[in-house]
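This is what each chain is made of:
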Amino acid sequence: MVVCVHLPRFELVVAAGGPGALSGRAVAVAPRVGSEQRVGEVSGAAEARGVACGMIIGEALARCPGLLFVPADPVEVAETWEGVMGALESMGAAVEQARPGLAYFDIDGLRGLHGSDGATIAAARLALDRPARMGAGPTRFCALAAALAVRSRRVIALDGRAARRWLAGRPVGLLGFREETEAILEPLVRLGVRTLGELERLGRPELTDRFGAAGAFAHRLACGEDTPLQARSLEERLEETLR
């Protein structure tokens, strides 16, 4: 059983100085100097006005003239995220970090330490000491879908038999969270594919013929298949102070 830990809008929250800075405000992360002029992560208020991550700045401002930009802070994001990873590892988890704000760990080896799946997830929440969405499933992708569907502190846990049926109704936009399938999301949407069930019915040979390896992998994800977790190696931190 894999657990997904998702901290929504992690980079924006760090850049803005905390979740309180986003309350009721249309805020977005400004593009970095020299990069393509597209907005980064956006607040809920900005999304309600039609602004989305990756949108061109001109279009974002046309939809939301009052949109506020905060400069990206990659150094602070990296340091804060390292603290999150360390917190999860402190409760015994071997963690795979997908990107800042998104991580996975296998719960099977932790039951003996914490007593049950529920107690293990509770220990992870206690270690994080910050709001996080969590979902559990037989694979990384199933756990991600469950975490994104959560709207409270409860956890959606999917077993192997129900996971594939449940995935069929989830939006195809979930493919945007995986590097292997991110590039084919926009073409799929243009083709009218809305759910993972519709994607599965297209067939693996047809998707492979159209999109290559990315199409085949997307079909595997829609069928509840995934690659094994790749937990990062633990490193011991040594410090010395001289006066």
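Below: a short report on this structure. Because the structure is a prediction, the values reported are computed rather than measured. Position numbers for residues start from 1 in each chain and track the written sequence from start to end. pLDDT decides what is reported in this predicted model: residues at 70 or higher carry local features, side-chain atom pairs at 80 or more are listed and counted, and totals for whole chains, interfaces and linings draw on all residues regardless. Just so you know, side-chain values use all the structure's heavy atoms and leave hydrogens and water out.

1. Quick word on the overall build of the chain
Each helix is a run of H or I in the DSSP string that is no shorter than four residues. Each strand is a run of E no shorter than two, and both are numbered from the N terminus. Of regular secondary structure, the chain possesses 12 helices and 7 strands. Relative to a compact globule of 243 residues, whose C-alpha radius of gyration would be 18 Å, the chain shows 19 Å and is just as compact. In terms of overall dimensions, the chain has C-alpha extents of about 60 × 50 × 30 Å along its principal axes. Looking at the chain residue by residue over its 243 residues, the buried ones come to 43%. Within these notes, the globule rule equals 2.2 Å times the number of residues to the 0.38 power, and the radius of gyration is based on C-alpha atoms. Here's how the labels work: a residue is buried when its accessible area is under 20% of the maximum for its type, exposed when over 50%, partly exposed in between, all with a 1.4 Å probe on protein chains only.

2. A few points about the pattern of salt bridges
Between Lys or Arg on one side and Asp or Glu on the other, a salt bridge is scored when a side-chain nitrogen of the former is within 4 Å of a carboxyl oxygen of the latter. One pass over the structure, following the stated rule, counts 16 salt bridges. With a shortest N-O distance of 2.5 Å, Asp-117 and Arg-111 are connected by a salt bridge. Judged by relative accessible area, Asp-117 falls into the partly exposed class, the value being 27%. The closest approach of N and O atoms between Arg-178 and Glu-180, which form a salt bridge, is 3.5 Å.

3. A word on the packing of helix α11 (residues 204-211) against helix α12 (residues 213-222)
Between the N-to-C directions of two axes lies an angle of 0 to 180 degrees, each axis being a line fitted to C-alpha atoms and, for a helix, fitted only over the stretch in contact. Relative to each other, α11 and α12 sit at 145 degrees, their axes nearing to 6 Å. Of the two elements, α11 crosses α12, and the hand of that crossing is right-handed. For the pair α11 and α12, the contacting residues are Arg-204, Leu-207, Thr-208 and Phe-211 in the first and Ala-213, Ala-214, Gly-215, Ala-216, His-219 and Arg-220 in the second. When the residues that make up the contact of α11 with α12 are grouped by side-chain class, the tally is 5 nonpolar, 3 polar and 2 charged. The handedness criterion is simple: a crossing whose near helix is rotated anticlockwise from the far helix by less than a right angle is left-handed, and one whose near helix is rotated clockwise is right-handed. Between two residues, a contact is recorded if the distance between any of their heavy atoms is within 4.5 Å. All residues other than Ala, Val, Leu, Ile, Met, Phe, Trp, Tyr, Cys, Pro, Asp, Glu, Lys and Arg, Gly among them, are scored as polar; the first ten of these are nonpolar and the last four charged.

4. Side note on empty space enclosed by the protein
Here a cavity denotes grid points, spaced 1 Å and computed from the protein atoms alone, that fit a 1.4 Å probe unable to get out, and a pocket denotes an open set having protein on both sides within 12 Å along at least 5 of 7 lines; residues with an atom within 4 Å of a point are the lining. Grid points are joined across faces, edges and corners, and a volume is the space filled by probe spheres set on the points. For the coordinates displayed, the defined rule picks out 1 cavity of 30 Å³ or more. For the largest cavity, the calculated volume is near 50 Å³. Mapped onto the lining of the largest cavity, the elements with two or more residues apiece are α1 (10-16) and α4 (74-90).

5. Quick notes on the packing of aromatic side chains
Only Phe, Tyr and Trp rings are paired, with Trp represented by its six-membered ring, and only when their centres lie within 6.5 Å; those with planes under 30 degrees apart are stacked, over 60 edge-to-face, the remainder tilted. One pass over the full model with this rule turns up 1 aromatic pair. Pairing Phe-10 with Trp-81 gives two aromatic rings, centres 5.4 Å apart and planes at 70 degrees, and the pair type is edge-to-face. Taken as a pair, Phe-10 in helix α1 and Trp-81 in helix α4 lie far apart in primary sequence, 71 residues in all. Of the two residues examined, Phe-10 and Trp-81, each falls in the buried class.

Scope: geometric values only; no functional claims are made or implied.
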